[in-house]
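# Understanding the architecture of this molecule
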Amino acid sequence: MNLIQRPRRLRRSDTLRALVRETHLTPNDFVYPLFVCEGEGVRREINSMPGCFNLSIDELVKEVDLAVRVGVRSVILFGVPDEKDATGSQAYAEDGITQRAIRALKREVKEAFVIADNCLCEYTDHGHCGVIRDGEVLNDPTLDLLARTAVSQAEAGADIIAPSNMMDGFVAAIRAALDNAGFEHLPIMSYAVKYASGFYGPFREAAGSTPQFGDRRGYQMDPANAREALREAALDVEQGADMLMVKPALAYLDIIRAVRERFDLPLAAYQVSGEYSMIKAAARLGWVDEERIVIETLTAIKRAGADIILTYFARDVAARMA
Ligand code: PBG
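What comes next is a walk through the structure. Since this is a predicted model, take the numbers as computed values, not measurements. Per-chain numbering applies: the sequence of each chain, read as written, is numbered from 1 onward. Note on the predicted model: pLDDT of at least 70 is required for a residue's local features to be given, and 80 or more for side-chain atom pairs to be given and counted; whole-chain, interface and lining totals, by contrast, use all residues. Calculation of side-chain values draws on the structure's entire complement of heavy atoms; hydrogens and water are dropped beforehand.

## Considering the overall build of the chain
Filter applied, for reference: A helix here means a DSSP run of H or I that spans at least four residues, while a strand means a run of E at least two residues long, and both kinds are numbered starting from the N terminus. With the radius of gyration taken over C-alpha atoms, the globule rule is written as 2.2 Å times the number of residues to the power 0.38. Note on definitions: a residue-residue contact is assigned when non-hydrogen atoms from the two residues lie within 4.5 Å. Throughout, the Shrake-Rupley method with a 1.4 Å probe supplies accessible areas, and for residues the shown protein chains are the sole cover considered. Counted charges follow a simple rule, with Lys and Arg positive, Asp and Glu negative, and His plus the chain ends left uncounted. By convention, the point assigned to a charge is CZ for Arg, NZ for Lys, CD for Glu and CG for Asp.
Scanning the chain for helices and strands turns up 11 helices and 12 strands. Its C-alpha atoms give the chain a radius of gyration of 20 Å, within 12% of the compact-globule value 20 Å for 322 residues. Referenced to the eigenvectors of the C-alpha coordinate spread, the extents of the chain come out at roughly 75 × 45 × 40 Å. Partitioning the intrachain contacts of the chain with sequence separation of at least 6 by distance along the chain shows that 73% fall at a separation of at least 24. Surface accessibility of the chain: about 15,000 Å² in total, with carbon and sulfur atoms responsible for 48%. On the chain, the mean spot of the 38 positive side-chain charges and the mean spot of the 47 negative ones are 10 Å from each other.

Structure follows, in structure tokens:
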């Protein structure tokens, strides 16, 4: 009798491997993050994110149309306003860049599903995610502004509000404001577990949102903490979040797994700018095979437990799947 186990039997052909594969990616899994700026005909490549652009609204419409054609219907928008001030007033202006972009997308790309990132840092001149007094980011006064931002995004036609700001109580504040304004049907995808991460570096170039003093460690989470992630997620569930997010993704697969096991809500993970840029940079040097490790990292994120992946590779990967 031969007692040796032979797992290799199931790896002998492509068809067999496909048959026993446990994790599958589809374009429906992806949310495509996009940066929208003022102007017309603007398609300005982001230096540290080759292949990603600041897009004026007309160019944004074209980009989303192309994404939809390869099956990526969900996008998340980040506004890059021309004017910034201390309270980030362009974040909640009725004619703010994000509000106009949402309106244009909903009008011009029939299948586009538009998620509105809800934060102030792209709109404040100091680059922090909230109102400042004496060098401190104030919590509760910031909540009012986030709530206003959410309602203005809803009025513009956003399909989901995704608060990313990490003030305490932000989900409850936004939920109450949306309900009051008649948007009780609109889901909240909470960036519940958002770490203070060096992986956001290229995004800050893209959005011009680098803090002008200090850093975000007073509101975003310490990368060393896992139990705290479950506590943050539990608070957001209590406050009415419909979906949860963990961010960044690849360095936090254990956190994705832990949140998946503890909570039943749909779970998103954000493969952030730095994760994108590292792959692009290494591929440019010829040190890794980009197509291969993009699929490998996305598969790992899904295998860890994410249902939804926000990724700058969304359109590219989906195009290759088609
Ligand atoms: C806004 C926000 C950030 C990201 C998403 N929403 C930046 C930050 O917190 O500094 C980062 C996304 C990325 O790096 O791709 N608060």
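## Description of the side chain of glutamate 63
This is how it is decided: Summary of the burial criterion: residues with accessible area below 20% of their type's maximum are buried, those above 50% are exposed, and those between are partly exposed, where the area comes from a 1.4 Å probe applied to protein chains only.
Residue placement: glutamate 63 occurs in helix H2 (residues 57-69). Given a relative accessible area of 4%, glutamate 63 falls into the buried group. Every residue in contact with glutamate 63, bar those within four places of it in the chain, is listed here: Tyr32, Leu34, Arg43, Leu55 and Arg315.

## Focus on the pattern of salt bridges
A pair can form between side chains of opposite charge whenever their charged atoms are brought close. To keep it simple, the criterion reads: Note on definitions: salt bridges are taken to be side-chain nitrogens of Lys or Arg within 4 Å of carboxyl oxygens of Asp or Glu.
Following the criterion strictly, the structure yields 16 salt bridges and no others. Notably, a salt bridge pairs arginine 43 with glutamate 63, separated by 3.2 Å at the nearest N-O pair. Of the two residues, arginine 43 is situated in strand E2 (residues 43-46) and glutamate 63 in helix H2; the sequence distance between them amounts to 20 residues. Where arginine 217 meets aspartate 215, a salt bridge forms, and the shortest distance between an N and an O atom there is 3.1 Å. Judged by relative accessible area, which is 39%, aspartate 215 ranks as partly exposed. Among the charged side chains, a network of salt bridges with common partners joins Arg43, Glu63 and Arg315.

## Brief notes about the site of the ligand
To keep it simple, the criterion reads: Near is defined per residue: the residue qualifies when any heavy atom it owns lies within 4 Å of the molecule or strand. N or O atoms within 3.5 Å of each other form a polar contact, as long as, within protein, one can give a hydrogen and the other can take it, and as long as residues adjacent in sequence are counted only when both atoms are side-chain atoms.
Lys194, Arg204, Lys247, Ser273 and Tyr312 are the nearest of the 18 residues found near the ligand. Interatomic distance of 3.2 Å between a side-chain N/O atom of lysine 247 and a nitrogen atom of the ligand. At 2.7 Å, a side-chain N or O of serine 273 approaches an oxygen atom of the ligand. Protein chains shield 100% of the accessible area of the ligand, which is 400 Å² for the free molecule.

## Section: the nonpolar core
Short version of the rule: The criterion is simple. A nonpolar core is a set of buried Ala, Val, Leu, Ile, Met, Phe, Trp, Tyr and Cys residues joined through side-chain atoms within 4.5 Å.
Within the largest apolar cluster, 109 residues are counted, with the highest numbers of intra-cluster contacts made by Phe35 and Val193. At seven residues, strand E1 (residues 30-37) tops the list of elements feeding residues into this core. Once you skip the residues sitting within four places of it in the chain, valine 193 turns out to touch Met221, Ala229, Ala233, Met245, Val246, Lys247, Ile255 and Val259.

## Observations concerning a positive patch on the surface
Spelled out, the test is: Patch definition: residues with relative accessible area over 30% and no salt bridge; like charges joined within 9 Å; nonpolar side chains (Val, Leu, Ile, Met, Phe, Trp, Tyr) joined within 5 Å.
A cluster of basic residues, Arg6, Arg8, Arg9, Arg11 and Arg12, forms a positive patch on the protein surface. Its location among the elements puts arginine 11 in the segment before helix H1 (14-19).

## What to know about a nonpolar patch on the surface
Residues Leu10, Leu19 and Val20 make up a contiguous nonpolar surface patch of roughly 300 Å² in combined accessible area. Along the chain, valine 20 turns up in the loop between H1 and E1.

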